[in-house]
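# Chains, contacts and geometry: an overview
Given next are the chains, with one letter for each unit.
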Amino acid sequence: MKITDVLIPSPLYELHDPFIDRAGVRLLVKRDDLIHPVISGNKWRKLKYNILEALNRGASAIISFGGAYSNHLYALATFGKKAGIKTIGLIRGEELNPESSTTLQHCFEEGMELGFLSRTEYRLKDEGTYFKKRMADDPNLFYVPEGGTNAFALTGVGEIVDECQQAGFHPDYYVTAAGTGGTTAGLWVKKQNVIAVAVLKNAGFLENDIKKWNSSTEASGQLDLQKDYHFGGYGKYTAELLQFIADFENRYNIPLEHVYTGKMFYGLFDLIKRGYFAKGTVLMAVHTGGLQGKLKP
Ligand SMILES: *Cc1c(COP(=O)(O)O)cnc(C)c1O
């Protein structure tokens, strides 16, 4: 597979602002949102080695799970099409159809086969009867979990660190939004210190989900899971968050959305302003993309 129209290494920007100077820190942004207009950010990182592996194995299709607004399925549909491998998306909600959201419409138009599962069936994921039957009918399917998180994904995410190091940066902390924690884990097992801003409520479970990815006895970096910037839960937002995003976009000319990157930068700015970091700290915020999910005005 030759991938030609992607911006790799993704650009690095430094944000300048008096509040950052006052805190005595440096804030860099790894613009993974610019990697590809459709296969953006961490979904490109997480899918790259999954797609390569599926092609190597001669898989008949890639099968995965997601909700009606899934950035993961959105990216997978396009990436699969470009790579010339069929994709199947199993969607949470038997009442839905390919017209239910712009995300699903996109997946359908890119040729993804969509299957609509009841919430009970969906919750069982690869243990569910629908999934098991599909796999029994075609053992050549390549399974990628919800959100794209698996060992191949972690390898892809690790290349963020390689790119930063090649550009001469060895930040004290990487900062990322965390949904399933796969992106966090990919940075962390690469022996980096990571601040993960959880975008969902009661995210304590993520700590274990992330730590289970360290299979070696060698220590990984520090893991600092920030649980207080979820704004009510996954996909939830407040007027304050939307205002923050609008101000951020005006000031730095970098677009954000309300599900992941808005919460991540809100949390990070709050920590900087509260004096959370020692003077001289270098922070590398990963802009994980996701702009397809931006609220339309
Ligand atoms: C999916 C997604 C995340 C969450 O990544 P995880 O690896 O699941 O933690 C973060 N940001 C954006 C923009 C995403 O689309």
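Within any chain, residue numbers begin from 1 and follow the written order of that chain's sequence. Totals for whole chains, interfaces and linings use every residue, but because this is a predicted model, local features are given only for residues with pLDDT of at least 70 and side-chain atom pairs only at 80 or more, for both listing and counting. Heavy atoms from the whole structure form the basis of all side-chain values; hydrogens and water molecules are not counted.

## A short note on the pairing of strand β4 (residues 86-92)
Keep this limit in mind: Relative accessibility under 20% of the residue-type maximum defines a buried residue, over 50% an exposed one, and the middle range a partly exposed one, all with a 1.4 Å probe and only protein chains included. Only DSSP runs of H or I with at least four residues qualify as helices, and only runs of E with at least two residues qualify as strands; both kinds are numbered from the N terminus onward. Any two strands with at least two DSSP bridges between them are considered paired. Handedness of a crossover is defined as follows: with both strands directed away from the viewer, a clockwise route from the first strand across the helix to the second makes it right-handed.
Among the seven residues of β4, five are classified as buried, and the element is accordingly described as predominantly covered. Relative to β4, strand β3 (residues 61-66) runs parallel, the two sharing six bridges. Bridging from a neighbouring strand, isoleucine 63 pairs with isoleucine 88 of β4. Handedness of the β-α-β unit built from β3, helix α3 (residues 71-83) and β4 comes out right-handed. With five bridges joining them, β4 and strand β5 (residues 113-117) adopt parallel strand pairing. Bridged to leucine 90 within β5 is glycine 115. With helix α4 (residues 102-109) bridging β4 and its parallel neighbour β5, the resulting β-α-β unit is right-handed.

## A look at helix α11 (residues 261-273)
Basically, it comes down to this: To estimate the expected span of a helix, subtract one from its residue number and multiply by 1.5 Å.
The terminal C-alpha atoms of α11 lie 18 Å apart, and with 13 residues this matches the ideal 18 Å at 1.5 Å per residue to within 8%. The buried fraction of α11 is high, at eleven of 13 residues. Glycine 275 lies just past α11 and shows a positive phi near 75°.

## Digging into the site of the ligand
Note the cut-off: Any residue with at least one heavy atom within 4 Å of a molecule or strand is counted as near it. Two N or O atoms count as a polar contact when they lie within 3.5 Å, although within protein this holds only if one can serve as hydrogen donor and the other as acceptor, and sequence-adjacent residues are included solely when both atoms are side-chain atoms.
Among the 14 residues in the neighbourhood of the ligand, the closest are listed as Lys43, Lys46, Thr180, Thr183 and Thr288. At a separation of 2.7 Å, an oxygen atom of the ligand approaches a polar side-chain atom of lysine 43. A per-element tally of the shell around the ligand places helix α2 (residues 41-56) first, with three residues.

## Notes on the packing of α2 against α3
Here is the rule: Think of each axis as a best-fit line through the C-alpha atoms, taken over the contacting stretch in the case of a helix, with angles from 0 to 180 degrees between the N-to-C directions. Any angle between 65 and 115 degrees counts as roughly perpendicular, while under 35 counts as roughly parallel, over 145 as roughly antiparallel, and the rest as oblique. Definitions for this section: a left-handed crossing has its near helix turned counterclockwise from the far helix by less than a right angle. A right-handed crossing has that turn clockwise. We call two residues contacting when some pair of their heavy atoms lies within 4.5 Å. Residues were grouped as follows: Ala, Val, Leu, Ile, Met, Phe, Trp, Tyr, Cys and Pro as nonpolar; Asp, Glu, Lys and Arg as charged; and all remaining residues, including Gly, as polar.
Two elements in contact, α2 and α3, have axes whose closest approach is 10 Å; the angle formed by their N-to-C orientations is 45°. Between α2 and α3, the crossing angle belongs to the class labelled oblique. Note that α2 runs across α3; the crossing there is right-handed. Residue-level inspection shows Lys43, Trp44, Leu47, Lys48, Ile51 and Leu55 of α2 in contact with α3, the latter providing Asn71, His72, Ala75, Leu76, Phe79, Gly80 and Ala83. Broken down by class, the residue content of the contact of α2 with α3 amounts to eight nonpolar, three polar and two charged.

## Regarding the sheet that holds strand β2 (residues 26-31)
Within the open sheet, the six strands sit side by side as β1-β2-β10-β7-β8-β9. Their pairing is mixed. Whereas interior strands pair on both sides, the edge strands pair on one side only; in this sheet they are β1 (12-15) and β9 (223-226). Within the sheet, the average angular offset between the axes of one strand and its neighbour, ignoring direction, is 25°. Examined bridge by bridge, β1 and β2 share four bridges and lie antiparallel to one another. When the sheet's bridge partners are listed, tyrosine 13 is paired in β2 with valine 29.

## As for the domain arrangement of the protein chain
Heads up, the condition is: Domain segmentation is taken from an automatic or database assignment of domains. Two parts placed together each lose some accessible area under a 1.4 Å probe, and the buried area is that loss summed for both.
The assigned domain composition of the protein chain is domain 1 (12-40 + 152-293) and domain 2 (60-139). Using only C-alpha atoms to locate each centre, domain 1 and domain 2 end up separated by 27 Å. Contacts between the two partners involve seven residues from domain 1, matched on the other side by ten residues from domain 2. Buried area between domain 1 and domain 2, both sides added, is near 680 Å², and the carbon and sulfur share of it is 62%.

## Things to note about unusual backbone geometry
Isoleucine 8 connects to proline 9 through a cis peptide bond whose omega is 0°. Here proline 9 shows up in the segment before β1. Its identity is not glycine, yet asparagine 253 carries a phi of approximately 60°, on the positive side. Structurally, asparagine 253 can be placed in the loop between α10 (239-252) and α11.

## Some thoughts on the sheet that holds β3
Strand order across the open sheet formed by four strands is β5-β4-β3-β6, with parallel pairing between neighbours. Lying at the two open borders of the sheet, with one neighbouring strand each, are β5 and β6 (141-144). Taking each pair of neighbouring strands and ignoring which way they run, the sheet shows an average axis angle of 25°. Across the face of the sheet, helix α6 (residues 129-137) comes into contact with β3, β4, β5 and β6 while running at roughly 175° to β3.

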